[in-house]
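# Fold and geometry: a report
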Amino acid sequence: MRAVVQNDKNRARGGRLVLGCGAAALACSAVLSGCAGTETTRTPSSQAGPDATRSPSRHPGPAQAPGPQARQAAEHARLAAAARRWGLAQVPLAPPPPPERKPEITARAGFEVSHQQDWELPPVFTTIPTRQKIVFLTIDDGSEKDPRFLRMMEDLKIPYTAFLSNYLVKDDYGYFRTMQSYGHTLDNHTLHHPYLPGLSYEEQKTEICAMQDIMERQFGKRPTVFRPPYGNYDQDTLRAAKSCGIKYAPIWNEEVYVDHWEYREDDQKMRRGDIVLTHFRGRSDWNGTMVDAMRRFLDKVTREGYAVARLEDYL
């Protein structure tokens, strides 16, 4: 009986102990809440965290993109540095935007063949009709594959069109794929660079159409622009070219070498819209490199107030 009573006493003490602890816990909780409330309301702002006094407007936002004038100034500074690096006398002039309406391209007077218009044969021309003071750079065949030339023209953002002959480019299609990746256009200059008027119609067609196949296979596109080797052609040339999907057959009005220029016109001057020819050539053929030839070309056209534009933007 005493044991039962003792147990009841123990349970009563335990109950009081539990109740006491619960009360104590509630009291502590109240104290802590009060302390927290006091801390929240009484802590000076100078003692709060480092961000406590910052207003939302003072937080740094995302960086704003530079405006058009700043971008233009930065690009001009970059081009000026590139021009110095490549030894140019001046920064090349920027071409105007491509025309919204492309000019009508017709055969140059005296360069037509029989049935030029009624058969709608590709026109042969040396100049693009434009009032802008621009010229067009074209480079033929693909013999020299100078990586410094690629870097120079990419640094300076000079557009050009390459007319490729397969027998000279087939050892390194990758060089011209790099060129294409920089935004330059690759066009047709036949398989073997023959004198086309000396071939039959079918032979000419093979030279042009088979090169179209290679251009599509290697570079993903069948060109619509073709340059006859040496600038020589006849009616069969243009008929064959048309059958292969060619729409234009530009030749040139000036030719630039590493040490001199040659002109088609008697007055020995450039004209607005002139097509300029040079070749993929290096020291094995010229007394200089392609970089040297481009330096001569760019210095002259810039000095005379011309910019270099993309031929395809006008075709």
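Residues numbered from 1 in each chain as written. Predicted model: local features only at pLDDT ≥ 70, side-chain atom pairs only at ≥ 80, totals over all residues. Heavy atoms only, no water.

Before going further, it helps to spend a moment on the overall build of the protein. Scanning the protein from N- to C-terminus turns up eight helices and nine strands. Each of the 315 residues in the protein was classed as buried or not, and the buried ones make up 42%. Nonlocal contacts in the protein, meaning residues at least 24 apart in sequence, comprise 72% of its contacts between residues at least 6 apart. Carbon and sulfur atoms provide 51% of the accessible area of the protein, an area that totals close to 17,600 Å². (Helix = DSSP H or I, 4+ residues; strand = E, 2+ residues; numbered from the N terminus. Buried < 20%, exposed > 50% of the residue type's maximum accessible area, 1.4 Å probe, protein only. Contact = heavy atoms within 4.5 Å. Areas by Shrake-Rupley, 256 points an atom, 1.4 Å probe, with all protein chains shown as cover.)

This part is about helix α5 (residues 173-181). Residues of α5 that are buried include every one of Tyr173, Tyr175, Phe176 and Met179, and no others. Each buried residue of α5 sits inside an arc of 155 degrees when the element is viewed along its axis, so together they form one side. Buried residues along α5 sit against α3 (147-156), β3 (161-164), α4 (166-169), β4 (185-188) and α6 (201-219). Backbone geometry just after α5 places Gly183 at a positive phi near 100 degrees. (Arc of directions from axis to C-beta.)

All chains considered together, the criterion is met by 15 salt bridges. Two residues, Arg108 and Glu265, come together in a salt bridge whose shortest N-O distance is 3.2 Å. Note that Arg108 is positioned in the loop between α2 (68-85) and β1 (124-125) and Glu265 in the loop between β7 (261-263) and β8 (274-279), a separation of 157 residues in sequence. For Glu265, a relative accessible area of 17% puts it in the buried group. Asp313 is the partner of Arg310 in a salt bridge, and the nearest nitrogen-oxygen pair spans 2.6 Å. Each of the salt bridges in this network shares a partner with another, and the network as a whole consists of Asp213, Glu216 and Arg222. (Salt bridge = Lys/Arg side-chain N within 4 Å of Asp/Glu carboxyl O.)

Moving on, we come to unusual backbone geometry. One non-glycine residue, Lys157, lies in the positive phi region at around 60 degrees. Structurally, Lys157 is set in the loop between α3 and β3. Phi at His193 is positive, roughly 60 degrees, even though this residue is not glycine. In this structure, His193 sits in the loop between β4 and α6.

Attention shifts here to the side chain of Thr278. Among the structural elements, Thr278 can be located in strand β8. Of the residues examined, Thr278 reaches a relative accessible area of 1% and is grouped as buried. Each residue touching Thr278, except ones within four places of it in the same chain, is listed here: Leu137, Thr138, Ile139, Asp140, Val256, Trp286 and Met294.

The next point concerns the packing of aromatic side chains. Across all of its chains, the model carries 10 aromatic pairs by this definition. A ring pair is formed by Phe149 and Phe280, whose centres lie 6.2 Å apart and whose planes are at 85 degrees; its orientation type is edge-to-face. Separated by 131 residues along the polypeptide, Phe149 in helix α3 and Phe280 in the loop between β8 and α8 (290-303) bring together distant segments of the chain. Relative accessible area serves as the criterion here: at 0%, Phe149 is assigned to the buried category. (Phe/Tyr/Trp six-rings, centres within 6.5 Å; stacked < 30°, edge-to-face > 60°.)

In this section: the packing of α6 against helix α7 (residues 235-243). Two elements in contact, α6 and α7, have axes separated by 9 Å at closest approach and are oriented at 45 degrees. Between α6 and α7, the angle is such that the two are oblique. Considering how the two elements wind past one another, α6 and α7 form a crossing that is right-handed. On α7, the residues touching Tyr201, Gln204, Lys205, Ile208 and Cys209 of α6 are Asp236, Thr237, Arg239, Ala240, Ala241 and Ser243. Of the residues that constitute the contact of α6 with α7, the class distribution is five nonpolar, three polar and three charged. (Axes fitted to C-alpha atoms, helices over the stretch in contact; angles between N-to-C directions. Parallel < 35°, antiparallel > 145°, perpendicular 65-115°, else oblique. Left-handed = near helix turned anticlockwise from the far one by under 90°. Nonpolar A, V, L, I, M, F, W, Y, C, P; charged D, E, K, R; others polar.)

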